[in-house]
Amino acid sequence: MKRSLCCLTCLSWLLSVVFLSCENQVEHTAPPIYDRDSVAAMTSYGVNALISDSGVIKYRIVAERWEANQVKNPSRWIFDKGVFMTQFDEKFHVQTYIQCDTAYHYDKQRLWELRGRVRVLTKDGLDYSSEQLFYDMNKHEFYSHVFSKLITPERTLQGSYFRSDEQMTKYYVSNSKGSFEKGDVIDDEPAKAPSNDTVQTQPLRQQAQPQRKNLMFH
């Protein structure tokens, strides 16, 4: 009898411990994931890609890292390790080389933003440098609101605002200073730039086209 009573007492004690453990159990759950915490939809390394515009191949992109993020507003491509771009004409001839430390492409706006040691070299010898440059694919033009410097075989220009066609054959620089030659044209579009903006067309020299494996996408 005493043995049975002792067993019942032990069983009751064990059951009470089990119930108390269940009541005090802490549920381990992860916090919810919000859009702002989401990772990129795609991240690629060692990118070598061809980009077409209206069915015509216009650019080659070479980058160490390419991130496509559709969550950020606006959605964008991010090249945080720098990018090297080659621009072609309709016959696939090299027109321009572009490089920078960081690049963003806002896909819906079709707008490129290049940052940090931006450098543009054209096939005719124009050498452009700045810390920021935008390329509007819809308007087919480059522009910058920061200090820019242009070096050509004939002259050097510097200014606080720059705008150009996508071939960089017609451009102007506001608040400019540098050397000029007879025959330079002064732009008179007051709604777009000050009257001292200089529009120029320059002869350029041919440069070699890099040979790389290609990846085509639209």
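Going by the structure above, here's the rest.
Residues numbered from 1 in each chain as written. Predicted model: local features only at pLDDT ≥ 70, side-chain atom pairs only at ≥ 80, totals over all residues. Heavy atoms only, no water.

Student: I keep staring at the overall build of the protein and nothing clicks. Help me out?
Tutor: Looking only at helices and strands, the protein has one helix and 17 strands in total. The buried share of the protein, taken over its 218 residues, is 42%. For the protein, restricting intrachain contacts to residue pairs at least 6 apart in sequence, the fraction spanning at least 24 positions comes to 42%. Here the protein displays about 13500 Å² of accessible surface, and carbon together with sulfur accounts for 55% of that area. (Helix = DSSP H or I, 4+ residues; strand = E, 2+ residues; numbered from the N terminus. Buried < 20%, exposed > 50% of the residue type's maximum accessible area, 1.4 Å probe, protein only. Contact = heavy atoms within 4.5 Å. Areas by Shrake-Rupley, 256 points an atom, 1.4 Å probe, with all protein chains shown as cover.)

Student: Even after reading the chapter, I still don't get the side chain of Arg65, so can you show me in this structure?
Tutor: Looking at the element boundaries, Arg65 is found in strand 2 (residues 56-69). A distance of 3.4 Å separates a polar atom in the side chain of Arg65 from a polar atom in the side chain of Glu67. Within the local environment of Arg65, its side chain forms a polar contact with the side chain of Asp80, the two groups lying 2.9 Å apart. Sequence-distant contacts of Arg65, that is, excluding residues within four places in its chain, are made with Thr43, Ser44, Tyr45, Ile78, Phe79, Asp80 and Lys81. (Polar contact = N/O pair within 3.5 Å; in protein donor to acceptor, adjacent residues only side chain to side chain.)

Student: What's the story with the nonpolar core in this structure? I'm lost.
Tutor: Taken as a class, soluble globular proteins show a tendency for nonpolar side chains to be buried jointly. Phe79, Trp112, Leu133 and Phe162 are the most contacted members of the largest nonpolar core, which totals 31 residues. Among the secondary structure elements, those contributing two or more residues to this core are strand 1 (42-53), strand 2, strand 3 (76-79), strand 4 (83-88), strand 5 (94-100), strand 7 (111-122), strand 8 (127-136) and strand 13 (171-174). Per-element accounting of this core gives the leading share, five residues, to strand 2. If near-sequence neighbours (up to four positions away) are discounted, Phe162 is found in contact with Tyr128, Leu133, Phe142, Tyr143, Ser144, Ser148, Leu150, Met168, Tyr171, Tyr172 and Val173. With eight residues, the next largest nonpolar core counts Ile78, Tyr106, Tyr161 and Tyr172 among its residues. (Core = buried A, V, L, I, M, F, W, Y, C linked by side-chain atoms within 4.5 Å.)

Student: How do you make sense of the pattern of salt bridges when you look at a structure like this?
Tutor: One pass over the structure, following the stated rule, counts seven salt bridges. A salt bridge links Glu166 to Lys58; the shortest N-O distance between them is 3.3 Å. One end of the pair, Glu166, is in the loop between strand 12 (161-165) and strand 13; the other, Lys58, is in strand 2, and 108 residues separate them in sequence. When sorted by exposure, Glu166 lands in the same class as Lys58, which is buried. Sharing partners across several salt bridges, the network here consists of Arg65, Glu67 and Asp80. (Salt bridge = Lys/Arg side-chain N within 4 Å of Asp/Glu carboxyl O.)

Student: What exactly am I supposed to notice about the side chain of Ser164 here?
Tutor: On the secondary structure map, Ser164 appears in strand 12. Among the polar contacts listed, one links the side chain of Ser164 to the side chain of Asp165, at a separation of 3.3 Å. A polar atom in the side chain of Ser164 sits 3.4 Å from the backbone oxygen of Lys170. Those residues in contact with Ser164 that sit more than four places away from it in its chain are His140, Glu141, Phe142, Thr169, Lys170 and Tyr171.

Student: Would you explain the pairing of strand 7 in this entry?
Tutor: Working note: regular strand, side chains alternate between the two faces of the sheet. Alignment of strand 5 against strand 7, held across four bridges, turns out to be antiparallel. Looking at strand 7, one finds that Tyr97 is bridged to Leu121. As defined by bridge partners, strand 6 (residues 102-106) adjoins strand 7 across five bridges and the pair is classed as antiparallel. By the bridge assignment for strand 7, Thr102 is matched with Arg115. The hairpin formed by strand 6 and strand 7 contains four residues between the paired strands, and Arg110 there has a positive phi angle of roughly 50 degrees. By the bridge criterion, nine bridges tie strand 7 to strand 8 in an arrangement that is antiparallel. The partner of Trp112 across the bridge, within strand 8, is Tyr135. The antiparallel pairing of strand 7 with strand 8 creates a hairpin that spans four residues between the two strands, and Gly125 there sits at a positive phi of about 100 degrees. (Pairing = 2+ DSSP bridges.)

Student: What exactly am I supposed to notice about the environment of Lys139 here?
Tutor: Summarising the element assignment, Lys139 is placed in the loop between strand 8 and strand 9 (141-144). Separated by 29 residues in sequence, Lys139 and Arg110 have C-alpha atoms that sit 9.6 Å apart.

Student: Explain the environment of Glu64 to me, please; I cannot follow it from the model alone.
Tutor: Take Glu64: it is sitting in strand 2. Distance from Glu64 to Val83, taken between C-alpha atoms, is 7.4 Å for residues 19 residues apart in sequence. Look past the residues within four positions of Glu64 in its chain and what remains in contact with it is Ser44, Tyr45, Gly46, Lys81 and Gly82.

Everything listed here is a matter of coordinates, which is why it stays silent on function.
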